[in-house]
Amino acid sequence: MAAGQPVLITYVAGPYPDAAQCRALQGWLEGGGRWLGLHGTSGGRAERVEGSHQRRTVKTEHHALLGAAF
């Protein structure tokens, strides 16, 4: 996150931030940054179900940071 940027606007799901990136985002938010997560930002990540052709939606660390998931 660039210093001095007051708002982060995201629209689509993926790629998802990894643990280190989530920590950086959290620090930026705690320092006064604002995150506007539109549309698919709160969408879950699809994961294969073992032994099946189906997938299930999983929440990642960024969903907890965002405070939303669908």
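The structure presented is a predicted model; accordingly, all values stated were derived computationally and were not measured.

Cut-off values and rules
Residues numbered from 1 in each chain as written. Predicted model: local features only at pLDDT ≥ 70, side-chain atom pairs only at ≥ 80, totals over all residues. Heavy atoms only, no water. pLDDT = per-residue confidence, 0-100. Helix = DSSP H or I, 4+ residues; strand = E, 2+ residues; numbered from the N terminus. 1 Å grid on protein atoms, 1.4 Å probe; cavity = no way out; pocket = protein on both sides within 12 Å on 5 of 7 lines; lining within 4 Å. Points joined across faces, edges and corners; volume = space filled by probe spheres on them. Nonpolar A, V, L, I, M, F, W, Y, C, P; charged D, E, K, R; others polar. Patch = residues over 30% accessible without salt bridge, like charges linked within 9 Å, V, L, I, M, F, W, Y side chains within 5 Å. Areas by Shrake-Rupley, 256 points an atom, 1.4 Å probe, with all protein chains shown as cover. Salt bridge = Lys/Arg side-chain N within 4 Å of Asp/Glu carboxyl O. Buried < 20%, exposed > 50% of the residue type's maximum accessible area, 1.4 Å probe, protein only. Expected span 1.5 Å × (residues − 1). Arc of directions from axis to C-beta. Contact = heavy atoms within 4.5 Å. Polar contact = N/O pair within 3.5 Å; in protein donor to acceptor, adjacent residues only side chain to side chain. Pairing = 2+ DSSP bridges.

Let's hear about the confidence of the model for the chain: which residues, and what values?
On average, residues of the chain carry a pLDDT of 86, and 93% of them reach 70 or more. Within the chain, the element-level pLDDT minimum falls on strand E3 (residues 45–48), averaging 85, and the maximum on helix H1 (residues 19–30), averaging 94.

Residue-level account of the layout of surface pockets, with values.
For the largest pocket, the calculated volume is near 160 Å³. Thr10, Val12, Pro15, Pro17 and Trp35 are, among the 13 residues lining the largest pocket, the residues nearest its centre. Among the residues making up the lining of the largest pocket, the classes are represented as nine nonpolar, four polar and no charged.

So what about a nonpolar patch on the surface? Which residues, and what values?
A surface patch of nonpolar side chains, about 560 Å² in accessible area, is lined by Val7, Ile9, Tyr11, Val12, Leu36 and Leu38. For isoleucine 9, the position within the fold is in strand E1 (residues 7–10). With relative accessibility at 56%, the residue isoleucine 9 sits in the exposed group.

Describe H1, naming the residues involved and giving the relevant values.
For H1, spanning 12 residues, the distance from its first C-alpha to its last is 16 Å, which sits close to the expected 16 Å at 1.5 Å a residue. Along H1, the residues that are buried comprise Cys22, Leu25 and Trp28. Projected down its long axis, H1 carries its buried residues within an arc of 120°, all on one side. More than 90 degrees from the buried face of H1, the exposed residues found are Arg23 and Glu30. Where the residues of H1 are buried, they touch E1, strand E2 (34–37) and helix H2 (61–66). You can read the cap of H1 off the contacts: a side-chain oxygen lies 3.2 Å from the backbone nitrogen of alanine 20, and it is on aspartate 18. At the C-terminal side of H1, glycine 32 shows a positive phi close to 115°.

Explain the pairing of E3 residue by residue, including any values.
Summarising the sheet, E3 and strand E4 (residues 55–58) pair through four bridges and their orientation is antiparallel. In the sheet register, alanine 46 faces E4, and the bridge partner there is threonine 57. Where E3 folds back on E4, the antiparallel hairpin that results is connected by six residues, among which glycine 51 adopts a positive phi of roughly 80°.

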